[in-house]
Structures are given as C-alpha cells and as structure tokens.
Amino acid sequence: MKISREFIEKIPKTDLHLHLDGSLRLSTLIELAREQKVTLPAYNEAGLRRLVFKSHYADLPEYLQGFAYTTAVLQTPEALERVGYELALDNQAEGVRYIEVRFAPQLHQNARMTSIDVMMALNRGLARAKDEFNARPEVQGGDEPPFEYGIIACAMRMFGKGASAYFDSLLDVHAHSERKWVFSLASMELVRAAVEARDKFGLPIVGFDLAGAEAGYPASDHAQAYALAHKNFLKKTVHAGEAYGPESIFQAITDLHADRLGHAVYLFDANMIKSPEIKDKKAYVNSLVQFIADRRITIEVCLTSNLQTIPTIRDLSRHSFRHMRKAKLSATFCTDNRTVSRTTVSDEILKAVQAFHITPHELKNFVIYGFKRSFFHGTYIKKREYVHQIIEYYEKIEKEFS
Ligand SMILES: [Zn+2]
C-alpha cells in the first residue's frame, strides 16, 4: 500500500505538541486585532504571511516574533474561547481525534482574568467543539471514535518586562530578587493554579510543560515546580534539546521527571555536550538514548518547526528523527504551531513519510504511540478502551485503502 495524502487525512491522529498561541487562524487574528485595536504589521492574510508568519525563518528569535501579536489579542475570555473552539474544529477537519493544547496561562493573565479564568475560557471553546463533534450520528452509533482533548499548562523558562501584565507585575514586586528565583516562583504558582483548575473545577488540565529560551535558562530552576506537579499527578513534558544538547534532555528526564520530550532534536549530538565531567561523550549519548528508549519516554517530533528554527538542518532527511527511528524510540508527529509553522498534522505526516520512506506498518506505530502516550484525561481503563477503538478504526481505514 502506498501512503497517500488522502489516507493520512482519513486515519485517526493526535497532536500532542500544539501551542494555542501559534495556531490561530489568520482571519481570526485580524478580526480580533481590529476589534481590540491591537496593531498588526498588516491587516490581510497575504501581508501577514509575507511579514510575520513565513514559510522560512532565519532563526528561533525570528520564528518567535509572531507570538507577540497572537498573545496580544488573547487577553479576553471571549477571544480565548473562540480560538480554542476554532483550533479544535481545524483539527477535526483533517481527521485529528485527540489534541493536547498547550499554552502559558500567565501570558494571558491580567487585571480582568486570573490564571484559572484563562484556563476556563480556553476549555469552554474546546469543550464546545468536542461536544458538537461527538453528537454526530457516526460517533454516537459507535462507528467512529470520539474527539477528545487535554490542556497542558506551560511555565516559562524565563520572561522579561512586556511579556504579559502578570509577569510585569511579578517582576515589579520582586525587583530586588534574583531573576531565576522569580521564574521559579511563577512556575510554582502555575502548578498550584493548574492543580486547582483540575481538582476544584474539573478542567482537563492533564500536563505541565516548560517552554521558552533554553540556553542560559536551565530547567533546574524549575525543579521545584516539577516536583510539585509530580506530587499532584500532573503528567510532565519539557521542551528540551531544541536549542541545547543532550544534557538538557538528561535534566528534563531526571530533575523534572519528564514523561515526554518536546523536540529533543539534539539528543544524538555528542559535540553539544558542555560539561567537563562527561569524559566519554559518545557513551553518554548512547546511555541516554537507551534510557529514553527503555522507559518509553515519547518524543514529540515537530519536523517543519525544527527546520524553521534550526535552518542548518537544511533538509528533512538530515533531521535527527532518522536516528530516533533507528533506535526504535517512541516518537509521534506534532505540528508545534499550525500558523507560525504553516502546517497541519497531515502535512507533518506526509513530509515524514516522504523524507524517511516510512512504511505503513511504521506509520501505524507512530500514530498509535500518540494515543498511547497521551496524557489522556480519564481513567486508564477508559484510555485503553479509547485506544482500542482508535486502532479498530485505523485498521478499517487501512482495509479501505489496501
Ligand atoms: Zn513547542
């Protein structure tokens, strides 16, 4: 069987690494900016694509520029709800059945919304899209699996003035404290809010993440917050090895108890190891890879995004996914940012299939890993039932296409 785009769009898929603020519809961004009098560099989609949301970027800082505009329009509950709803619809339209939407509530927190209000607003949008989808007769009749989702709360590795009203005030009141202490404080506060949102308000907050600039801002500053998340049974993922080497990945899985890794592009790059204590760098990488493989720590692979933020990769066939695949690591394809990266889950899978000549059997594994290693909101029994339903449906589509 040849893997076609049509097949990819039909099979049930996941997106486990999906940033809300990187995935707004451009038409919505323009509308919200007009309504809220937020200045954009252009007020039409073509202009925004040319100036901000490009297909190629010079580096990570340029890639990140678009987020200033998207977070600026996501400062009201109505905007958050709308964007959550549309994001779920866009995923459903290309056959994605399970998403974990991640965002940093503290970037949206202001005098009118607490971090819990922010999470509730997003959840209203996602829940509405889920309920509408699951009311369809094919889902109700059990012929098709339902749409499910979870929310991941992201702490920021670092932040400066102007990032958000909340971060500004935090930096103001702790003006005499060491910055890393303030970063740590914000992360701790977010864990508490996430746990409260889940336990008191029943929100499907399923995980905790650490995002933002890696180099110079070690994960260890946030170890306390991750320990608290761990204690409260929040699942954990960490952006690691996107801009820094294997040691950052080691830190994520040891100090932060990461269940999954965001990107891990540089997992195999022994030459990026900086610690003088590590004498045999190749052996270190090998042990780290074996550990990750054995523990089934899943890597959230975002091919297009990596190519955009690390232009030196040049060609997807040179992306470290080729080593991940060879080492039989648990990996799953994700978009990172649908708008900023100009991609979809189907695009990511198609690119992977073409660049790495993935077989139908392998593809099935990568897609199913997404469901199996998701931070599913619900009991383990429910999760297993859901995964079984997904596999059955996947196999039905396979038969249709063979
Ligand atoms: Zn990311």
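In what follows, the structure referred to is the one given above.
Because the structure is predicted, anything quoted here is derived from the model rather than measured.

**Student:** Requested: an account of the overall build of the chain, with residues and values cited.
**Tutor:** In terms of regular secondary structure, the chain is built from 18 helices and eight strands. For a compact globule of 402 residues, the expected C-alpha radius of gyration is about 21 Å, and the chain comes in at 20 Å, within 12% of that figure. Overall, the chain is about 65 × 55 × 45 Å in size when its C-alpha atoms are taken along their principal axes. A total of 402 residues make up the chain; the buried ones form 47% of that total. For the chain, contacts bridging at least 24 residues in sequence account for 75% of all contacts bridging at least 6.

**Student:** Quick rundown of the packing of helix H17 (residues 360–372) against helix H18 (residues 380–401)? Include the residues and the values.
**Tutor:** Close contact between H17 and H18 brings their axes to 10 Å; oriented N to C, the two are set at 155 degrees. Considering the angle they form, H17 stands roughly antiparallel to H18. Pair H17 / H18 crosses with right-handed handedness. Contacts between H17 and H18 pair Lys 364, Ile 368, Phe 371 and Lys 372 from the former with Val 387, Ile 390, Ile 391 and Tyr 394 from the latter. Partitioning the contact of H17 with H18 into residue classes produces six nonpolar, no polar and two charged.

**Student:** Just give me the short version of the packing of helix H7 (residues 115–134) against helix H10 (residues 179–199), but keep the residues and values in it.
**Tutor:** Where H7 meets H10, the axes come as close as 9 Å, and the angle between the chain directions of the two elements is 50 degrees. When the axis of H7 is compared with that of H10, the two are oblique. The element H7 and its partner H10 pack so that their crossing is right-handed. Residues Ser 115, Ile 116 and Met 119 of H7 form the contact with H10, whose participating residues are Leu 190, Ala 193, Glu 196 and Ala 197. When its residues are assigned to classes, the contact of H7 with H10 shows five nonpolar, one polar and one charged.

**Student:** A description of unusual backbone geometry should follow, citing residues and the corresponding values.
**Tutor:** A positive phi angle, close to 50 degrees, is found at His 257, a residue other than glycine. You can see His 257 is positioned in the loop between helix H12 (246–254) and strand E6 (260–263). The residue His 357 is not glycine, and still its phi comes out positive at about 50 degrees. According to the C-beta neighbour criterion, His 357 is exposed, with 10 such atoms within 10 Å.

**Student:** Talk me through H12; I want residue IDs and the actual numbers.
**Tutor:** Summarising burial for H12: seven of the nine residues are buried, a large majority. All of the buried residues along H12 are Pro 246, Glu 247, Ser 248, Ile 249, Phe 250, Ala 252 and Ile 253. Of the surrounding secondary structure, the elements contacted by the buried residues of H12 are strand E5 (235–240), E6 and helix H13 (281–294).

**Student:** Account for the pairing of strand E3 (residues 148–156), naming residues and giving values.
**Tutor:** Of all nine residues making up E3, nine are buried, and the element is well covered by its neighbours. Side chains Glu 148, Gly 150, Ile 152, Cys 154 and Met 156 project from E3 onto one buried face, and the interleaved Tyr 149, Ile 151, Ala 153 and Ala 155 project onto a second face that is buried too. Where E3 meets strand E4 (residues 205–211), six bridges bridge the pair, whose relative direction is parallel. Opposite Cys 154, over in E4, you have Asp 209 as the bridge partner.

**Student:** Report on the environment of Lys 281, specifying residues and quantitative values.
**Tutor:** Among the structural elements, Lys 281 can be located in helix H13. Distance from Lys 281 to Ala 258, taken between C-alpha atoms, is 22 Å for residues 23 residues apart in sequence. When residues no more than four places from it in sequence are discounted, the contact partners of Lys 281 are Ala 270 and Ile 273.

**Student:** Explain the sheet that holds E6 to me, and be specific about the residues and the numbers.
**Tutor:** In a beta sheet, neighbouring strands are held together by backbone hydrogen bonds and run either parallel or antiparallel to one another. Reading across the sheet, the eight strands line up as E1-E2-E3-E4-E5-E6-E7-E8 and stay open at both edges, with parallel pairing between neighbours. Every other strand in the sheet has two partners, leaving strand E1 (13–19) and strand E8 (331–333) as the edge strands with one partner each. With direction set aside, neighbouring strand axes in the sheet form an average angle of 25 degrees. Relative to E5, E4 runs parallel, the two being bridged by two bridges. By the bridge assignment, Phe 208 is partnered in E5 with Lys 236. Each of E3 and E4 touches H10; the most contacted strand, E3, lies at about 160 degrees to it. Of the strands in this sheet, E3, E4 and E5 touch helix H11 (residues 223–231), which is tilted by about 150 degrees from E5.

**Student:** Quick rundown of H13? Include the residues and the values.
**Tutor:** A turn of α-helix holds 3.6 residues, and therefore any two residues three or four places apart point the same way. For H13, built from 14 residues, the straight-helix expectation of 20 Å at 1.5 Å per residue is met to within 8% by its first-to-last C-alpha distance of 20 Å. Turning to H13, its buried residues number three or more, namely Val 285, Leu 288 and Ile 292. Around the axis of H13, the buried residues are gathered within 65 degrees of arc, so they sit on the same side. Turned more than 90 degrees away from the buried face of H13 sit Lys 282, Ala 283, Gln 290 and Asp 294, all of them exposed. Contacts from the buried residues of H13 go to H12.

**Student:** I'd love a proper account of the environment of Ala 93, names of residues and values included.
**Tutor:** Examined against the element boundaries, Ala 93 turns out to sit in helix H6 (residues 77–93). In sequence terms Ala 93 and Gln 224 are 131 residues apart; their C-alpha atoms lie 40 Å from each other.

**Student:** Just give me the short version of the environment of Val 83, but keep the residues and values in it.
**Tutor:** As for its position among the elements, Val 83 is in helix H6. Residues Val 83 and Ala 121, spaced 38 residues apart in sequence, show a C-alpha to C-alpha distance of 9.8 Å. Contacts of Val 83, omitting those with residues within four sequence positions, involve Leu 20, Leu 24, Thr 28, Leu 74 and Gly 125.

Conventions adopted
Residues numbered from 1 in each chain as written. Predicted model: local features only at pLDDT ≥ 70, side-chain atom pairs only at ≥ 80, totals over all residues. Helix = DSSP H or I, 4+ residues; strand = E, 2+ residues; numbered from the N terminus. Rg over C-alpha atoms; globule rule 2.2 N^0.38 Å. Buried ≥ 20, exposed ≤ 12 C-beta atoms within 10 Å, placed from the backbone. Contact = placed C-beta atoms within 7 Å. Axes fitted to C-alpha atoms, helices over the stretch in contact; angles between N-to-C directions. Parallel < 35°, antiparallel > 145°, perpendicular 65-115°, else oblique. Left-handed = near helix turned anticlockwise from the far one by under 90°. Nonpolar A, V, L, I, M, F, W, Y, C, P; charged D, E, K, R; others polar. Pairing = 2+ DSSP bridges. Expected span 1.5 Å × (residues − 1). Arc of directions from axis to C-beta.

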